[in-house]
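# Commentary on secondary and tertiary structure
In case you want the letters, here they are:
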Amino acid sequence: MAERPGWHGIPPSADRYIPPLQSDAPTDGITEPLKSPALWVELDYPDGSTRTMKGFAMAWTGSLVLAQWIEYSRAREAWVEASRCRRRAMSPPATHAA
């Protein structure tokens, strides 16, 4: 049988998810936008590693951002310092000639 490209076997499971370190959720001064800006967020993990994830700013204060990203096919959220986030440009969808 010829080798086929793509995933073979059991997909990564959500039980391998390890949440990043995060700040306590603020209780006041929270801005919730009508449309969440796209961002890159630097997440720190308990083992000392850091990962950059593509996500969205779901809410923010003057110093914190509620970042949301997809990991193991699920939406994840964490309150992180605003300095750990930067804006991300969204590309318009590709159009195909009919």
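The coordinates are above.
Below is a short write-up of the structure.

Cut-offs applied
Residues numbered from 1 in each chain as written. Predicted model: local features only at pLDDT ≥ 70, side-chain atom pairs only at ≥ 80, totals over all residues. Heavy atoms only, no water. Helix = DSSP H or I, 4+ residues; strand = E, 2+ residues; numbered from the N terminus. Buried < 20%, exposed > 50% of the residue type's maximum accessible area, 1.4 Å probe, protein only. Contact = heavy atoms within 4.5 Å. Areas by Shrake-Rupley, 256 points an atom, 1.4 Å probe, with all protein chains shown as cover. Salt bridge = Lys/Arg side-chain N within 4 Å of Asp/Glu carboxyl O. Pairing = 2+ DSSP bridges. Core = buried A, V, L, I, M, F, W, Y, C linked by side-chain atoms within 4.5 Å. Phe/Tyr/Trp six-rings, centres within 6.5 Å; stacked < 30°, edge-to-face > 60°. Lys NZ or Arg CZ within 6 Å of the ring centre and 35° of its normal. Axes fitted to C-alpha atoms, helices over the stretch in contact; angles between N-to-C directions. Polar contact = N/O pair within 3.5 Å; in protein donor to acceptor, adjacent residues only side chain to side chain.

What follows is about the overall build of the chain. When its secondary structure is counted, the chain shows 0 helices and 5 strands. Reading the secondary structure of the chain in the N-to-C direction produces β-β-β-β-β. Of all 98 residues assigned to the chain, the portion counted as buried reaches 26%. The contacts in the chain between residues at least 6 apart in sequence include a share of 51% that link residues at least 24 apart. Accessible surface, the chain: about 7,500 Å² in total, of which carbon and sulfur atoms supply 54%.

Moving on, we come to the environment of Gly-62. Relative to the assigned elements, Gly-62 resides in the loop between β2 (50-60) and β3 (64-71). C-alpha of Gly-62 to C-alpha of Thr-31: the two residues are 31 residues apart in sequence and 9.1 Å apart in space.

This brings us to the pattern of salt bridges. As enumerated under the stated definition, the model contains 3 salt bridges in all. The closest approach of N and O atoms between Glu-42 and Arg-86, which form a salt bridge, is 3.6 Å. Of this pair, Glu-42 sits in strand β1 (residues 38-44) while Arg-86 sits in strand β5 (residues 85-87), and the two are 44 residues apart along the sequence.

Moving on, we get to the pairing of β3. In terms of residue burial, β3 counts as a mostly covered element, since 6 of its 8 residues are buried. The hairpin formed by β2 and β3 contains 3 residues between the paired strands. Sheet topology note: the β3/strand β4 (residues 74-81) ladder contains 8 bridges and is antiparallel. For Val-65, the partnering residue across the bridge sits in β4 and is Val-80. Turn length for the β3-β4 hairpin, with the two strands adjacent in sequence and antiparallel, is 2 residues, and the turn residue Tyr-72 shows positive phi of about 50°.

Turning our eyes to something else, we now look at the nonpolar core. With 13 residues, the main nonpolar core has Leu-39, Val-41, Leu-43, Trp-69, Val-80 and Cys-85 as its most contacted residues. When contributions to this core are tallied by element, the ones reaching two or more residues are β1, β2, β3 and β4. In this view, Val-80 contacts Val-41, Leu-43, Ser-63, Leu-64, Val-65, Ala-67 and Cys-85; residues no more than four positions away in its chain are not counted.

On to the packing of aromatic side chains, then. Counted under the stated rule, the structure contains 0 aromatic pairs. Its end group placed over the ring of Phe-56, Arg-88 keeps NZ or CZ at 5.2 Å from the ring centre.

Taken in spatial order, the 5 strands line up as β4-β3-β2-β1-β5 in an open sheet, and their pairing is antiparallel. Edge positions in the sheet fall to β4 and β5, since each of these pairs with one other strand and no more. With strand direction ignored, the average angle separating the axes of adjacent strands in the sheet is 40°.

Looking at the element boundaries, Glu-71 is found in strand β3. For Glu-71, a relative accessible area of 8% puts it in the buried group. In terms of polar contacts, Glu-71 uses its side chain to reach the side chain of Arg-51, at 2.9 Å. Contacts of Glu-71, omitting those with residues within four sequence positions, involve Tyr-17, Tyr-45, Arg-51, Met-53 and Arg-76.

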